[in-house]
Amino acid sequence: MPWIQIIDDDHWCGEAIIAFLIDEVPNARFDNKAAPEADDGRDVYIVDNEFEDGDHGIDLVRSIRRRNPDATIVLCTATHDRIDARTAMNAGCNALIEKGSTPGREELREIVRRHVETRAAATAESKWRAVLGDVKSIISAWNARMNYEDGRLSVA
């Protein structure tokens with residue numbers, strides 16, 4: 001189950017993002033923060049670019065990336081003229097989208113959907129790898145217990 005955190009100083013913007021995404025990822029957990037700080041352990045972070053107190057989302061993206069290297073981080077902005085996409089990507093965000101626009105919403109939907117599908121596939125693959133590892137261990141233990149004496153098989 002993916003865990004998505006929206007970090008936007010406009011609480012209602014965060015709630016709108018949750019309402020928009022909840023049908024896309026019905027099993028997801030969401031939390032909405034108005035302060036420019038992130039909690040660890042989330043799968044997806046949707047971060048506003050500018051906060052009322054003057055903090056910039058770029059600093060928050062850097063902090064999230066250091067602590068959560070596998071997370072998907074989306075930086076949202078209503079002011080493209082105040083942010084350089086290269087700087088945002090170098091800070092560690094996976095995407096920079098235009099907040100409130102139809103293309104931005106569709107891109108956000110696609111990013112979250114792709115993240116969920118990729119994680120589900122990785123989890124399924126991980127489970128199969130674990131099963132195969134267990135089978136290999138069983139076979140290795142069995143082989144270690146078996147002896148061949150005089151060309152005949154005997155169990156040790």
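Anything mentioned here points back to the structure above.
Residues numbered from 1 in each chain as written. Predicted model: local features only at pLDDT ≥ 70, side-chain atom pairs only at ≥ 80, totals over all residues. Heavy atoms only, no water.

1. Quick look at the packing of aromatic side chains
- Across all of its chains, the model carries zero aromatic pairs by this definition.
- Between the NZ or CZ atom of arginine 29 and the centre of the ring of tryptophan 3, over which it lies, the distance is 3.5 Å.
- If you follow arginine 42 out to its NZ or CZ, it ends over the ring of tryptophan 3, 3.6 Å from the centre. (Phe/Tyr/Trp six-rings, centres within 6.5 Å; stacked < 30°, edge-to-face > 60°. Lys NZ or Arg CZ within 6 Å of the ring centre and 35° of its normal.)

2. A short note on the environment of valine 25
- Looking at the secondary structure, you find valine 25 in the loop between α1 (11-21) and β2 (29-33).
- Judged by relative accessible area, valine 25 falls into the buried class, the value being 4%.
- A sequence separation of 24 residues divides valine 25 from methionine 1, and the C-alpha atoms of the two residues are 8.7 Å apart.
- Filtering out sequence-adjacent residues up to four positions away, valine 25 remains in contact with Ile4, Phe30, Val112 and Val116. (Helix = DSSP H or I, 4+ residues; strand = E, 2+ residues; numbered from the N terminus. Buried < 20%, exposed > 50% of the residue type's maximum accessible area, 1.4 Å probe, protein only. Contact = heavy atoms within 4.5 Å.)

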